[in-house]
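Here's the letter readout for the chains.
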Amino acid sequence: MKQDSLEMERSLEKLKEILHRCVKCGRCRAVCPVFTALGSEPAAARGKLALLEAWLRAGRRLRGRRLQEVLSLCLLCGRCTANCPNGAGAKEAVELARSIMAAQGGLAWTKTLLSCFSSLHREARDPWLKAAGFFQRLVMRELPMERGLVLRLSATELGELWAPKIKPPFFLERHAQKLGKGPIRVALFAGCTIHYLAPEVGQATLGVLDRMGFEVLIPGGQGCCGLMAMGMGDKPRAARLARKVVEDFAMEEIEAVVVPCASCAFQLSRGIPQILNDDPMGPRARLLAAKVKELSVFLLEQQALSLLPKNQGASHRGTVAYHDPCHLALGMGIREEPRKILKGLRSRSFRELDSPDECCGMGGTFRVFHPDAAASISWRRLQSLRKAKVNEVVTGCMGCWMGLKEMLHRGSEEIRVRHLGELVWEELEKEKRAGTQQGG
Ligand code: SF4
Ligand code: SF4
């Protein structure tokens, strides 16, 4: 209890420091996707900081529906922090304020439910998602649209929210094991989206690592990285999840923890050491963070480009663009690595978008709680993709992967959303097949 109030005091102090640094110049308004979409001052970082300042100056506790609503209007994309001339750290202020609010006044029940669910052990979550997958297939695919049940459940909205499909058997059910035998041993952190919705991305990543000659450990009990709980302000659950990640992955015998999702990579390398800073597990969390490698960074460091085919071959697959995930480009400063890999693919031509780091509007749970604002944000991304006339858009974040898929689904676009690992795997497979044909 004493520890909790000490932490609360520290968070309040940090928040006040940020508020003090903000001179209300308004530069953050120009870069904020939520402000661009809604055009109201509270949507921008400056409006949020001004409101928090007024609240604290009046000696009020951080609670109440109005404050909750304003603070939820943030994707935590980090553009305000990256573009602030005074280094105020507005994104960090929103995170701090959310965690103080959650501790003081409790989370909204919807967020509590989401956070609780994300913090369940994987084995406890899997059956729920299987049931949801069954329900999804029943309602969305197997019942005719004119059936009463479909209409009562507002199937169109459900369809938009639930795309992409839940895909049992889940990734870790099939792949929790040790794969290959090689001089260098790495571990794979799959993340929830790959486990439940995109096993093909996990399989492609595994295929690439195996082909490169690594021994890959895939801890079967691994769960959520905790980014979603953290983003909602639920620090206690985020800390619990962080400890589990450290238990599962802080192994001395591994050289690297490869993470195919940029948001999970951000959380494992930046978020977890921060949450567990004063925890007895802090030193192990920092050790783990030093070994975390986002997939594109790992592939480049390990010379994956040298394995790719050198000639274009007969089957050129069109033009591909890259979508920068906020957590990777702004959060970790990684922009060049994925581009270098894409430019190294002979089966595709790379085309830069006119606004490469436009947000997709996903922002953790932002799309769930603010679907209209999210749709308006993603509309800008859709326009730049249409203008570029590409066949595929690649990203390295599973949140963006979902956001882009939903956006293209709504826009009825033919553009396919791919993960970097899938394209590299396709290219390696193509090379292997060509080698077999030549040999045979
Ligand atoms: S957060 Fe930075 S950019 Fe935004 S109003 Fe404050 S000082 Fe200006
Ligand atoms: S983190 Fe992004 S969405 Fe949130 S206030 Fe800053 S710029 Fe706007």
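Residues numbered from 1 in each chain as written. Chains lettered and ligands numbered in written order. Predicted model: local features only at pLDDT ≥ 70, side-chain atom pairs only at ≥ 80, totals over all residues. Heavy atoms only, no water.

> Pulling in residues and values, what's your account of the site of ligand 2?
Every residue near ligand 2 is listed here: Cys 32, Val 34, Ala 45, Cys 74, Leu 75, Leu 76, Cys 77, Gly 78, Arg 79 and Cys 80. Its residues assigned to classes, the shell around ligand 2 shows eight nonpolar, one polar and one charged. (Near = heavy atom within 4 Å. Nonpolar A, V, L, I, M, F, W, Y, C, P; charged D, E, K, R; others polar.)

> Hey, could you go over the pattern of salt bridges for me, with residue numbers and the actual values?
If the charged atoms of two oppositely charged side chains come close together, the side chains can form a pair. Enumeration according to the criterion identifies 28 salt bridges in this entry. A salt bridge links Arg 10 to Asp 278; the shortest N-O distance between them is 2.7 Å. One end of the pair, Arg 10, is in helix α1 (residues 2-21); the other, Asp 278, is in the loop between α17 (262-275) and α18 (282-291), and 268 residues separate them in sequence. Notably, a salt bridge pairs Glu 215 with Arg 185, separated by 2.8 Å at the nearest N-O pair. In this pair, Glu 215 is assigned in strand β3 (residues 215-217) and Arg 185 in strand β2 (residues 185-188), connecting sequence segments 30 residues apart. For Glu 215, a relative accessible area of 5% gives the class buried. One network of salt bridges, with partners in common, ties together Arg 317, Arg 348, Glu 392, Arg 418, Glu 422 and Glu 426. (Salt bridge = Lys/Arg side-chain N within 4 Å of Asp/Glu carboxyl O. Helix = DSSP H or I, 4+ residues; strand = E, 2+ residues; numbered from the N terminus. Buried < 20%, exposed > 50% of the residue type's maximum accessible area, 1.4 Å probe, protein only.)

> Give me the lowdown on unusual backbone geometry, citing residues and values where you can.
Between Pro 168 and the following residue, Pro 169, the backbone shows a cis peptide bond with an omega angle of -5°. The phi dihedral of Lys 24 is positive, around 60°, even though this residue is not glycine. On the secondary structure map, Lys 24 appears in the loop between α1 and α2 (27-31). A positive phi angle, near 60°, is found at Gln 303, a position not held by glycine. With a relative accessible area of 53%, Gln 303 lands in the exposed category.

> How would you summarise the sheet that holds strand β4 (residues 256-259) if you had to cite specific residues and measurements?
On the basis of which strands lie adjacent, the open sheet formed by five strands has the order β1-β3-β2-β4-β5 and mixed pairing. The open sheet has two edge strands with one neighbour each: β1 (178-179) and β5 (292-294). Bridge analysis of β2 against β3 gives three bridges, and the strand direction is parallel. Counted as the bridge partner of Ala 187 is Leu 217 from β3. (Pairing = 2+ DSSP bridges.)

> An account of the site of ligand 1 is needed here, citing residue identities and associated values.
Taken together, 13 residues surround ligand 1, and among them Cys 22, Cys 25, Gly 26, Cys 28 and Cys 84 come closest. Breaking the shell around ligand 1 down by element, the ones donating at least two residues are α2 and α4 (45-57). When grouped by side-chain class, the residues that make up the shell around ligand 1 number eight nonpolar, two polar and three charged.

> Residues and numbers for the packing of aromatic side chains, please.
The geometry of two aromatic rings is summed up by the distance between their centres and the angle between their planes. According to the stated counting rule, one finds three aromatic pairs in the structure shown. Cation over ring: Lys 111 sits above Phe 369, and NZ or CZ is 4.9 Å from the ring centre. (Phe/Tyr/Trp six-rings, centres within 6.5 Å; stacked < 30°, edge-to-face > 60°. Lys NZ or Arg CZ within 6 Å of the ring centre and 35° of its normal.)

> Just give me the short version of the pairing of strand β6 (residues 319-322), but keep the residues and values in it.
Both faces of the sheet carry side chains from a regular strand, because those side chains alternate between them. Neither face of β6 is exposed, since Thr 319 and Ala 321 on one face and Val 320 and Tyr 322 on the opposite face are all buried. Inspection of the sheet shows β6 paired to strand β7 (residues 349-350) by two bridges, in the parallel sense. Counterpart to Val 320 in the pairing with β7 is Phe 350.

> Would you mind going over the confidence of the model for the protein chain in detail, with residue names and values included?
Confidence in the prediction of the protein chain, expressed as mean pLDDT, is 89, and 91% of residues score 70 or more. Predicted confidence for residues 153-162 stays below pLDDT 50, and this span has 14 contacts to residues more than four positions away or in other chains. (pLDDT = per-residue confidence, 0-100. Contact = heavy atoms within 4.5 Å.)

> Tell me about the packing of helix α16 (residues 235-249) against α17, residues and numbers included.
Orientation of α16 relative to α17, taken along the N-to-C sense of each, is 115°, at an axis distance of 9 Å. Seen along the crossing, α16 lies across α17 with a hand that is left-handed. Along the contact surface, α16 presents Ala 238, Ala 239, Ala 242, Val 245 and Val 246, while α17 presents Leu 268, Ile 272 and Ile 275. When the residues that make up the contact of α16 with α17 are grouped by side-chain class, the tally is eight nonpolar, no polar and no charged. (Axes fitted to C-alpha atoms, helices over the stretch in contact; angles between N-to-C directions. Left-handed = near helix turned anticlockwise from the far one by under 90°.)

> So what's going on with helix α7 (residues 90-105)? Residues and values would help.
With 16 residues, α7 extends 22 Å between its outermost C-alpha atoms, agreeing within 8% with the 22 Å of an ideal straight helix rising 1.5 Å per residue. All of the buried residues in α7 are Ala 90, Lys 91, Ala 93, Val 94, Leu 96, Ala 97, Arg 98, Ser 99, Ile 100, Met 101, Ala 102 and Gln 104. With its phi angle positive at about 85°, Gly 106 sits one or two positions after the end of α7. (Expected span 1.5 Å × (residues − 1).)

> So what's going on with the side chain of Lys 291? Residues and values would help.
Looking at the element boundaries, Lys 291 is found in helix α18. Of the buried charged residues, Lys 291 lacks a salt bridge, with Glu 253 as the closest side chain of opposite charge at 7.1 Å. The residues contacting Lys 291, other than those within four sequence positions of it, are Met 251, Glu 252, Ile 254, Glu 255, Ala 256 and Val 257. (Lys, Arg positive; Asp, Glu negative; His and termini not counted.)

> Can you explain the packing of helix α5 (residues 65-72) against α7? Please cite residues and give values.
Taken N-terminus to C-terminus, the directions of α5 and α7 make an angle of 145°; their axes are 10 Å apart at the nearest point. Read as a crossing pair, α5 and α7 show a hand that is left-handed. Contact residues: α5 offers Leu 67, Gln 68, Leu 71 and Ser 72, while α7 offers Val 94, Ala 97, Arg 98 and Met 101. Here the residues of the contact of α5 with α7 sort into five nonpolar, two polar and one charged.

> Describe the nonpolar core, and please don't skip the residues or the numbers.
Within the largest apolar cluster, 91 residues are counted, with the highest numbers of intra-cluster contacts made by Phe 189, Val 257, Leu 268, Leu 276 and Leu 385. In this structure, Leu 268 is in contact with Phe 189, Cys 225, Val 245, Val 257, Val 259, Pro 273, Ala 289 and Val 292, ignoring residues within four places of it in sequence. One finds Leu 19, Trp 55, Leu 67 and Ala 93 within the second-largest nonpolar core, a separate group that totals 26 residues. (Core = buried A, V, L, I, M, F, W, Y, C linked by side-chain atoms within 4.5 Å.)

> Can you tell me about the sheet that holds strand β8 (residues 392-395), naming the residues and giving the values?
Strand order across the open sheet formed by four strands is β7-β6-β8-β9, with parallel pairing between neighbours. The open sheet has two free edges, formed respectively by β7 and β9 (416-419), since each of these has just one partner strand.

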